[in-house]
Amino acid sequence: MSLKATIVVLLGLVWSFQAALGIRFVIDREECFSHKAEYEGDTLHVSFVVIKSDSQWHFNEDGVDLVIHGPTGEQVHDFREQISAKHDFVVQKKGVYRFCFTNKSPYHETIDFDVQLGHFAYYDQHAKDEHFTPLMEQISKLEEALYNIQFEQHWLEAQTDRQAIVNENMSKRAVHKALFESFALIGASVLQVYLLRRLFERKLGMSRV
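The structure presented is a predicted model; accordingly, all values stated were derived computationally and were not measured.

Student: Summarise the overall build of the protein chain; cite the residues concerned and give the values.
Tutor: Per the secondary structure count, the protein chain includes 3 helices and 8 strands. Mapped from its N terminus to its C terminus, the protein chain presents α and β elements in the order α-β-β-β-β-β-β-β-β-α-α. Looking at the 209 residues of the protein chain, the share that counts as buried comes to 33%. In the protein chain, of all internal contacts separated by at least 6 residues, the share reaching a separation of at least 24 is 77%. Accessible surface for the protein chain amounts to roughly 13,300 Å². Of this, 58% is attributable to carbon and sulfur atoms.

Student: Outline the pattern of salt bridges, listing residues and values.
Tutor: Scanning the model with the defined rule gives 6 salt bridges in all. Aspartate 112 serves as the salt-bridge partner of arginine 24, at 2.9 Å between the closest nitrogen and oxygen. Pair noted here: arginine 24 is in strand 1 (residues 20–27) and aspartate 112 is in strand 8 (residues 109–118), with a separation of 88 residues, a long-range link. A residue is classified by how much of its surface remains accessible, and arginine 24, at 42% relative accessible area, is partly exposed. Notably, a salt bridge pairs aspartate 65 with lysine 104, separated by 3.2 Å at the nearest N-O pair. Within this pair, whereas aspartate 65 is found in strand 4 (residues 64–69), its partner lysine 104 is found in the loop between strand 7 (95–102) and strand 8, the two being separated by 39 residues in sequence. Among the residues examined, lysine 104 registers a relative accessible area of 58% and is labelled exposed. One salt-bridge network, in which partners are shared between bridges, spans Asp65, Asp78, Arg80 and Lys104.

Student: Quick rundown of the packing of aromatic side chains? Include the residues and the values.
Tutor: Across all of its chains, the model carries 8 aromatic pairs by this definition. Site record: aromatic cluster; members linked through ring pairs are Phe25, Phe33, Phe48, Phe79, Phe99, Phe101 and Phe113.

Student: Help me get a handle on unusual backbone geometry, residues and values and all.
Tutor: Look at glutamate 81: it is not a glycine, yet its phi comes out positive at around 50°. Here glutamate 81 lies in strand 5 (residues 75–82). Classification of glutamate 81 by relative accessible area gives exposed; the value is 51%.

Student: Could you give me a rundown of the state of the cysteines, with the residues and numbers involved?
Tutor: Scanning the entire structure with this criterion turns up 1 disulfide. Note that cysteine 32 is cross-linked by a disulfide to cysteine 100, the S-S spacing being 2.2 Å. In this structure, the disulfide formed by cysteine 32 and cysteine 100 twists by about 115° around the S-S bond and is classed as right-handed. Residue cysteine 32 is found in strand 2 (residues 30–37), and its partner cysteine 100 is found in strand 7; the two are separated by 68 residues along the sequence.

Student: Go over the sheet that holds strand 4 with me, naming the residues and quoting the values.
Tutor: Strand pairing in a sheet relies on backbone hydrogen bonds. The paired strands run either parallel or antiparallel. Pairing is antiparallel across the open sheet formed by 4 strands, whose spatial order is 2-7-4-5. Unpaired on one side and paired on the other, strand 2 and strand 5 mark the two borders of the sheet. Neighbour-to-neighbour, the strand axes of the sheet open up by a mean angle of 15°, direction not taken into account. In this sheet, strand 7 lies alongside strand 4 in antiparallel orientation, the contact comprising 5 bridges. Considered in strand 7, the bridge of leucine 66 is made with phenylalanine 101.

Procedures and definitions
- Residues numbered from 1 in each chain as written.
- Predicted model: local features only at pLDDT ≥ 70, side-chain atom pairs only at ≥ 80, totals over all residues.
- Heavy atoms only, no water.
- Helix = DSSP H or I, 4+ residues; strand = E, 2+ residues; numbered from the N terminus.
- Buried < 20%, exposed > 50% of the residue type's maximum accessible area, 1.4 Å probe, protein only.
- Contact = heavy atoms within 4.5 Å.
- Areas by Shrake-Rupley, 256 points an atom, 1.4 Å probe, with all protein chains shown as cover.
- Salt bridge = Lys/Arg side-chain N within 4 Å of Asp/Glu carboxyl O.
- Phe/Tyr/Trp six-rings, centres within 6.5 Å; stacked < 30°, edge-to-face > 60°.
- Disulfide = S-S within 2.5 Å.
- Pairing = 2+ DSSP bridges.
- Axes fitted to C-alpha atoms, helices over the stretch in contact; angles between N-to-C directions.

The structure is reproduced here in structure tokens:
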């Protein structure tokens, strides 16, 4: 392969990796995001993780809802009361896809959301070239593998962040509970000493009479 063709292949590969959206946001009740798919047959990878709740004394285990709508408003997929999820699907219609989250918890939730669109433009343009077809197939497979690794890594990082926050909250709760129990024990001991002193004082007073 010539140097020029190699450069074009690499540019096509780099260009295809730009179709991604990763965001961490705080949701009150409902939030929607959109992502445009330029070509039919592309693969959309979607993942989200509920990272944390605003309240340190409450950690949402009910999850959130996510509904994916296609360009004409049709429902493509939905998740109900999920703390974390991954999904990928083939684009049947090109256009803008909407991703709407719904939070049923009374607390604000922090969500890590990731969308990646897999498309290899160069392969489409040179699919009929017999000399390029085998190489394009290998590059396409490599691209898909890199997409999956990047997608999986982002999802695992979000899961790790969530677990770290859960552990931190559990540690804080354990410390607060231990302090509360200690203060309660001290208070009960002081009250017990006070009542015993009062009891002895009353008996002593009665014996003197």
